[in-house]
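Listed below, chain by chain, are the residues.
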Amino acid sequence: MADLIQPPSEPFAAYVPSEQEPWDVRRIGHLMRRAGFGLTDDWLDSFQPAGPEEAVAVLTEYDPQDDPLNDLIEQLEGYLVFAEPKSVQGWWVWRMLNTTRPLQEKIALFWHDHFATSQGKVNNVKFMHNQIELFRRTGLGSYRSLANAVTQDPAMLIWLDGNTNHKGAPNENYAREIMELFLLGIGNYSESDVKQLARCFTGWQIQGEKGVLNPGLFDEGEKTVFGQKGQFDSAIGIDILLEQPMASRYLASCLLKEFVHPNPLSEHVEHLARRIVEEKWEIKPVLQEILKSRLFFSEWAYRSKIKGPIELCVGSVAALGGKVNTGFVRDSAAKMGQELLFPPNVKGWDGQETWINANTVLLRFNYGLSIGTQRNDEFARPSDIAKWIKRHDIKTAEDVVDQYIRLFLDGVMPAGFRDKMIVYMKYDGKEEVRQFAITPGTINSKVRGLIHLTMSTPEYQLA
Amino acid sequence: MKSSRREFLQVGMGSAAAISLCATMPAFVSRLAFAEAGVSSQLADDNILVIVQLSGGNDGLNTVIPTGQDLYYQSRPNIGLKDNLHKLDDKHALNPGMTAFKELFDDGKLAVVNGCGYPQPNRSHFRSMEIWHTANPQQYEPCGWIGHYIDHKLRGSDNALKAISIGAELPLAMVATGAPVPSVQSLEDFKVKLDPNSNFDAKMEQQLISELNAVTDATPAMQFLSRQATNAMLATQEMSKLQSYKQDAEYPQGLGDQLRLIAQLISGNFGTRVFYSQIGGFDTHSNQVGGHQGLLNNVAQSISAFHKDLTAKKINDKVMVMVFSEFGRRVAQNGSSGTDHGAAGPMFVSGGKVKGGVYGAHPSLTDLDDGDLKYTTDFRRIYATILDKWLNADSAVVLKNKFEGMGIV
């Protein structure tokens, strides 16, 4: 067995580039996979001279109200319609592919998984779209506000039956899941807390596209939640949940699992939980600390996660460019187990190892073949590949291989991989090794084949 | 009923949690764990088990209705079922949607097991599902009960298709310490596709993909990924031998599509011993009556079509179907004409060799545990029966405990 890699000392001190730990494609690639959907040549060119501090600032400091793509989407008349989920799924894939703020989409995807709500039951595309917009708009804001907004969110009111939770006729669904899956984690509450908290959440109704409190349906009586007695409403109910020591630990653990490592150490969780309370549940400063940390850029975190289907499908297409068929990206990710707007259940996608089985491994490899060799205008257009070859001044088989390993795999592959790929580039079905030259023929076969092969490695499945 | 993939994904439990430990545990550990487990039986070693998981917590009281009990109707004034029930005996009737199950029951091919559950029931979908998948209510386990069966009984087999899960994910129940069980979503996608542009490139690409995924002792994540990929490629080689298949029954959409694929794979004669399928949507917290009936209708019709298809192919006697859900629901309806999470619920077992009938006592509607039914049959008794009497395994080894068998087979 390989030596187990240990987390670094002073895990939450800021990472400072050094000779041993340089600010290079490996660390920029890591940052872009975790805080976005992967590396592109443009991000690499922009972040390499910027350094980690500025790179994290670029990714996190944006004004969600002022969105450069908004006008463009409005111009794409008819692109976004609310008659069917496919349109909103495609709209979101398009944003992920074209955004200049990958973290805005990534954090929205994180909350979509955390507060997992499915169109399968909500059956209202507009409400689903509004919920995703809520996550895009406030994803780096106050967690307390977000929890309150989600509690009143029409899609959530349908999904977990909040809209049928009335005085005298409680429905426990939302109360149970907000504790088990959203704010506290399983085992940190009693069955009585479920019943009492359900009463705090009574009375929320959908009016138009908003959740509003109907005082006639609200149970104003005294409740006992976590030993506290009072005529609590939903906001106080959420305050009481966030007062529980488990709440900040639970959020800390979820953030660390998403951005750093699938199995965070308890001291990491404790530190971050403390910081969450100090920052009054504001997500942005906490996430900035994570993304700048020695822990984040450590060997321990590197390639410790398995890419989700959306990360894989969006990331590879973004790296290659092309006119892009968002429907194909969306459907491919769905087949691999991640259909946007349709998380499998209220727990969201289990992620990590559960992404991978025989079926999904084959789909991932075959996806690499599709986007590499689909030979029409959608992915990796001849013009895109030609531009890429020119940009990197590619002349030899070695050049092609090195550039693809760099773009797709941070240049980090085991010994032997590069040589194998170079042999592949030069092989023409006969015994002797041929001289490789960039021609329309080799671009169409070998350069495209290399995309398929680099995406068919275990390393490429890692985030 | 019209059922789509959406409904499966809706509230359905997907796969279960962390499987890394199990999937990367060295093979010798499993050999040690199950070494010399004595198995001696006259059973043929080609019986097949098909598991159907109802995800979301099926409302057992509206599936097998305790007829003639006023308390049932008092607890469920809006959702208690009275009309068009399918009578099983003086005390039990099936949901109106389950006509096809009534026929199976009358044929003596359907066992209905009342009140299945386990001590100290957990009302979380996810924890309770894990308990059913691992057959261990006490603590979390990285491998499933079918995984244990594979490690124990099929440990010598290098058949890449000894068990198959249908769907996009692999359920915890099927996680073994040995070679990973393949999941198959569609036959069209279950292959390594290659560039049609040139033959020699395609050939070399195939060779390279195998080499790039060769199992190494790199990090646990790399080991896990390369093992999955290597086994997937072995499974596709087997699967490519699949002959044409003609269905001899009309399957409904939804669960029916999965069971038809299973029938096709059984016809392929790969020696697969266990198949897994799932249908979601059972988390019926509001206005449940119509939707719930539709789901049960789909389940009953799909399973019935499956048996008809297999009967026409003269292999129905080799196949058993087991239906379960992670929990039942509260006795009393909630304020939304639905039901919240509860405890014990019924299981179904069907097949050519199954001894039909109603098994186990229906849980009392008066002696409740915090508003929930108390279980009368530990679900592990059904597992034990299937392992001992159908799969020719030693249930005491697989389940790490001895459970009393039942007469269902």
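Residues take numbers from 1 onward in each chain, read along the sequence in its written order. Chains carry letters from A onward and ligands carry numbers from 1 onward, assigned in written order. Note on the predicted model: pLDDT of at least 70 is required for a residue's local features to be given, and 80 or more for side-chain atom pairs to be given and counted; whole-chain, interface and lining totals, by contrast, use all residues.

Draft legend 1. Just the overall build of chain A, in detail. Numbering of helices and strands starts at the N terminus; helices are DSSP runs of H or I of at least 4 residues and strands are runs of E of at least 2. Across its full length, chain A carries 23 helices and four strands. Each radius of gyration reported is based on C-alpha atoms, and the globular scaling rule is 2.2 Å times the count of residues to the power 0.38. Taken over the C-alpha trace, chain A has a radius of gyration of 24 Å; the compact-globule value for 463 residues is 23 Å, and the two agree within 12%. In terms of overall dimensions, chain A has a C-alpha envelope of 85 × 50 × 40 Å along the principal axes. Exposure in this text rests on C-beta crowding, where 20 or more other C-beta atoms within 10 Å of a residue's own make it buried, 12 or fewer make it exposed, and counts in between make it partly exposed. The C-beta atoms are placed from the backbone. Going through the 463 residues of chain A one by one, you find that 54% of them count as buried. Here, residue contact means that the backbone-derived C-beta atoms of the two residues sit within 7 Å. Partitioning the contacts of chain A with sequence separation of at least 6, the portion at a separation of at least 24 is 74%.

Draft legend 2. Just the overall build of chain B, in detail. Of the regular secondary structure elements, chain B holds 13 helices and twelve strands. When the 409 residues of chain B are sorted by exposure, 60% land in the buried category. Considering only residue pairs separated by 6 or more positions, chain B has 75% of its internal contacts joining residues 24 or more positions apart.

Draft legend 3. Quick look at the packing of helix H23 (residues 440–455) of chain A against helix H8 (residues 199–212) of chain B. Where H23(A) meets H8(B), the axes come as close as 11 Å, and the angle between the chain directions of the two elements is 25°. With respect to H8(B), the axis of H23(A) lies roughly parallel. Between H23(A) and H8(B) lies a crossing whose hand is right-handed. On H8(B), the residues that touch A:Ser445, A:Gly449, A:His452 and A:Leu453 of H23(A) are B:Asp201, B:Glu205 and B:Leu208. Axis definition: a line fitted to C-alpha atoms, limited for helices to the stretch in contact. Angles are taken between N-to-C directions and run from 0 to 180 degrees. Just so you know how the angles are binned, under 35 degrees is roughly parallel, over 145 roughly antiparallel, 65 to 115 roughly perpendicular, and the rest oblique. Crossings are classed by handedness, with left-handed meaning an anticlockwise turn of the near helix from the far one by less than a right angle and right-handed meaning a clockwise turn.

Draft legend 4. Inspection of unusual backbone geometry at higher detail. Unlike most non-glycine residues, A:Lys280 shows phi in positive territory, near 55°. Inspection of the secondary structure puts A:Lys280 in the loop between helix H15 (266–278) and helix H16 (283–292). Phi is positive for B:Asn287, which is not a glycine, with a value near 35°. Structurally, B:Asn287 is set in the loop between strand E8 (274–279) and helix H11 (289–312). Residue B:Asn287 is classed as partly exposed on the basis of its 15 C-beta neighbours within 10 Å.

Draft legend 5. Geometry of the nonpolar core. Residue and element names in this part refer to chain B. Ranked by size, the top nonpolar core spans 253 residues in total, and within it Met322 and Val349 carry the most contacts. Of all the elements, helix H9 (residues 220–239) adds the most residues to this core, at nine residues. Counting contributing residues per domain, this core is built from domain 1 (5–187 + 243–398) and domain 2 (188–241), each supplying no fewer than three. Apart from the residues lying within four places of it in its own chain, the contact partners of Val349 are Ala111, Val113, Met320, Val321, Met322, Val354, Ile382 and Ile408. In these notes, a nonpolar core means any group of buried Ala, Val, Leu, Ile, Met, Phe, Trp, Tyr and Cys residues linked to one another through C-beta atoms within 7 Å. For each domain, the first and last residues come from an automatic or database assignment.

Draft legend 6. How the structure looks around the sheet that holds strand E3 (residues 86–87) of chain B. Residue and element names in this part refer to chain B. Criterion used throughout: strands pair if DSSP finds at least two bridges between them. As summarised here, the arrangement of the three strands in space is E2-E4-E3, forming an open sheet in which the pairing is antiparallel. Edge positions in the sheet fall to strand E2 (64–66) and E3, since each has one partner strand and no second. Bridge count for E3 against strand E4 (residues 92–94) is two bridges, and the pairing is antiparallel. Directly across from His86, in E4, lies its bridge partner Leu94.

Draft legend 7. View of helix H10 (residues 255–267) of chain B. Residues and elements named next belong to chain B. Expected span, for any helix, means 1.5 Å times one less than how many residues it has. The first and last C-alpha atoms of H10 sit 18 Å apart over 13 residues, in line with the 18 Å expected at 1.5 Å per residue. With ten of its 13 residues buried, H10 lies for the most part within the structure. Residues Leu255, Gly256, Gln258, Leu259, Arg260, Leu261, Ile262, Ala263, Leu265 and Ile266 constitute the buried set of H10. On its buried face, H10 sits against strand E1 (48–54), strand E6 (163–166), E8, H11 and strand E9 (319–325).

Draft legend 8. Structural view of the environment of B:Ala235. Looking at where B:Ala235 falls in the secondary structure, it is placed in helix H9. Overall, the presence of 26 C-beta atoms within 10 Å leaves B:Ala235 in the buried class. Sequence-distant contacts of B:Ala235, defined by excluding residues within four places in its chain, comprise A:Ala358, B:Ala160, B:Leu161 and B:Pro182.

Draft legend 9. Geometry of helix H5 (residues 85–98) of chain A. All names here are of chain A. Taking 1.5 Å of rise per residue, 14 residues should cover 20 Å, and H5 covers 20 Å from first to last C-alpha, within 8% of that figure. Counting buried residues in H5 gives ten out of 14 residues, a clear majority hidden from the surface. Listed as buried for H5 are Pro85, Val88, Gln89, Trp91, Trp92, Val93, Trp94, Arg95, Met96 and Leu97. Against the buried residues of H5 lie helix H6 (102–114), helix H7 (119–122), helix H8 (125–138), helix H17 (309–320) and helix H18 (326–335).

Draft legend 10. Structural detail: the domain arrangement of chain B. Residue and element names in this part refer to chain B. Partitioning chain B into structural domains gives domain 1 (5–187 + 243–398) and domain 2 (188–241). Taken together, the contacts link 13 residues of domain 1 with 13 residues of domain 2. With three residues, helix H2 (residues 20–24) is the largest single contributor of residues to the side of domain 1 that touches domain 2. For this classification, the nonpolar set comprises Ala, Val, Leu, Ile, Met, Phe, Trp, Tyr, Cys and Pro, the charged set comprises Asp, Glu, Lys and Arg, and every other residue, Gly included, is treated as polar. Residue composition of the side of domain 1 that touches domain 2, by class: nine nonpolar, four polar and no charged.

Draft legend 11. Spatial organisation of the interface of chain A and chain B. Across the contact, 56 residues belong to chain A and 63 residues belong to chain B. Put simply, the parts of the chain that give the side of chain A that touches chain B at least two residues each are H7, helix H11 (173–183), helix H19 (358–373), helix H22 (417–426) and H23 of chain A. Here the residues of the side of chain A that touches chain B are counted per class, giving 20 nonpolar, 24 polar and twelve charged.

Draft legend 12. How the structure looks around the confidence of the model for chain B. All names here are of chain B. You can read pLDDT as the predictor saying how much it trusts each residue, on a scale of 0 to 100. Taken over all residues, the pLDDT of chain B has a mean of 88, while the share at 70 or more is 89%. Within the model, the stretch residues 1–42 combines pLDDT values under 50 with 111 contacts to residues more than four positions away or in other chains. Our summary of model confidence lists the complex with pTM equal to 0.87 and ipTM equal to 0.90.

Draft legend 13. A look at the pairing of strand E1 (residues 204–207) of chain A. Here E1(A) runs beside strand E2 (residues 210–213) of chain A; their pairing, made up of four bridges, is antiparallel. Bridging from a neighbouring strand, A:Ile206 pairs with A:Gly211 of E2(A).

Draft legend 14. Looking closely at the environment of B:Val274. Along the chain, B:Val274 falls in strand E8. Separated by twelve residues in the primary sequence, B:Val274 and B:Ile262 have C-alpha atoms spaced 10.0 Å apart.

Draft legend 15. Main features of the pairing of E8(B). All names here are of chain B. Where burial is concerned, most of E8 is hidden: six out of the six residues are buried. Judged by which residues are buried, E8 turns out to be covered on both faces: Val274, Tyr276 and Gln278 on one side and Phe275, Ser277 and Ile279 on the other are all buried. Bridge analysis of E1 against E8 gives six bridges, and the strand direction is parallel. Note that in E8 the partner of Val50 across the bridge is Phe275. With three bridges connecting them, E6 and E8 associate as parallel partners. Within E8, the position partnered with Ser165 by the bridge is Tyr276.

Draft legend 16. Broad picture of the environment of A:Glu177. Residue and element names in this part refer to chain A. Along the chain, the position of Glu177 falls in helix H11. C-beta crowding within 10 Å serves as the criterion here: with 22 such atoms nearby, Glu177 is assigned to the buried category. Considered as a pair, Glu177 and Trp91 are 86 residues apart in the sequence and their alpha carbons are 29 Å apart. Look past the residues within four positions of Glu177 in its chain and what remains in contact with it is Leu160, Phe182 and Val346.

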